[in-house]
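An overview of the molecular structure
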Amino acid sequence: MKPMVKIMNKNLIFLLLISLSAFPLTATADWFLSEETKALIVKAEAGDAEAQIQVALAYDTGKGAPQDRSNAMKWYRVAAEGGNVEAQNSLGSMFQEGKEYRDALFWYEKAALQGHAQATNSAAYLYDMGLGVPQDRNKGFELYSRAADLGWAEAMWNIANMYGAGQLGTADARMACVWIVRASRFAGPRERRLSVHLANILLTCSPI
């Protein structure tokens, strides 16, 4: 009986492969989309910017759709070109992950013009490190400062590093500590790792 079971299993697999080949790839791919994602795609194709972001996130994270960088970038780009600031920042982030720094900077700067704190900090980092552009510490500092004014804790930490490393002239431990304190006050729940790191660094700072 056991050999017969194996033969039947092989036949079932063969029949399944034949049935799959009878459908277009797009149809079989739809099997892996959640009903919510399918509904969002309909809205996204009709021009709903929020739906476009949600579809991009589904493909980006693999929640509600197969993880697919190409589709994620496609929908982020659609929303970004429509002026959506979150999509512009996310598209910049994906380009940065792929080390396509010029494209990343292009979208970060678009988002920064709309007052997006994280995108402003990310643009600053590219100038600071000389990624995709000639290194420009002053431009980096200017953008970090702008992101810090928007309440972005990581930007404050980056400014602290610049002062501590003497990248703005003579190393200034006092100013570094000032910015470390500010960063620790603004670091939110989503920045748990940064908060823990800042708490440890604060122990080395004299009372200000």
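So, a few notes on the structure that sits alongside this text. (Residues numbered from 1 in each chain as written. Predicted model: local features only at pLDDT ≥ 70, side-chain atom pairs only at ≥ 80, totals over all residues. Heavy atoms only, no water.)

Quick word on helix H10 (residues 153-165)
Look at H10: 18 Å from first C-alpha to last across 13 residues, which is about the 18 Å you get at 1.5 Å a residue. Three or more residues of H10 are buried, namely Ala-153, Ala-155, Met-156, Trp-157, Asn-158, Ile-159, Ala-160, Met-162 and Tyr-163. Phi turns positive, to about 70 degrees, at Gly-166, one or two residues after H10. (Helix = DSSP H or I, 4+ residues; strand = E, 2+ residues; numbered from the N terminus. Expected span 1.5 Å × (residues − 1). Buried < 20%, exposed > 50% of the residue type's maximum accessible area, 1.4 Å probe, protein only.)

With respect to helix H8 (residues 117-129)
For H8, spanning 13 residues, the distance from its first C-alpha to its last is 18 Å, which sits close to the expected 18 Å at 1.5 Å a residue. Of all 13 residues that make up H8, 10 are buried, and the element is covered over most of its length. All buried positions along H8 are accounted for by Ala-117, Ala-119, Thr-120, Asn-121, Ser-122, Ala-123, Ala-124, Leu-126, Tyr-127 and Asp-128. Each element contacted by the buried residues of H8 is listed here: helix H6 (85-97), helix H7 (101-113), helix H9 (137-149) and H10. Gly-130 sits one or two residues past H8 and shows a positive phi near 70 degrees. (Contact = heavy atoms within 4.5 Å.)

Comments concerning the environment of Ala-176
Checked against the element boundaries, Ala-176 lands in helix H11 (residues 173-186). Looking at Ala-176, the relative accessible area reads 7%, which means it is buried. A C-alpha to C-alpha distance of 8.8 Å links Ala-176 and Cys-205, two positions 29 residues apart in sequence.

Some points on the state of the cysteines
This structure, assessed with the given rule, holds one disulfide. A sulfur-sulfur distance of 2.2 Å marks the disulfide that ties Cys-177 to Cys-205. Since a negative S-S torsion denotes a left-handed disulfide, the Cys-177-Cys-205 link at about -95 degrees is left-handed. Separated by 28 residues along the polypeptide, Cys-177 in helix H11 and Cys-205 in the segment after helix H12 (192-202) bring together distant segments of the chain. Across this residue pair, the class does not change: Cys-177 and Cys-205 are buried. (Disulfide = S-S within 2.5 Å.)

Side note on the side chain of Asn-121
Within the secondary structure layout, Asn-121 lies in helix H8. Among the polar contacts made by the side chain of Asn-121, one reaches the side chain of Asn-158 at a distance of 3.0 Å. With sequence-adjacent residues up to four places away left out, Asn-121 is seen in contact with Tyr-144, Ala-147, Trp-152, Glu-154, Ala-155 and Asn-158. (Polar contact = N/O pair within 3.5 Å; in protein donor to acceptor, adjacent residues only side chain to side chain.)

Topic: the environment of Ala-104
Within the secondary structure, Ala-104 sits in helix H7. In the structure, Ala-104 is positioned 16 residues away from Gln-88 in sequence and 9.2 Å away in space, judged by C-alpha atoms.

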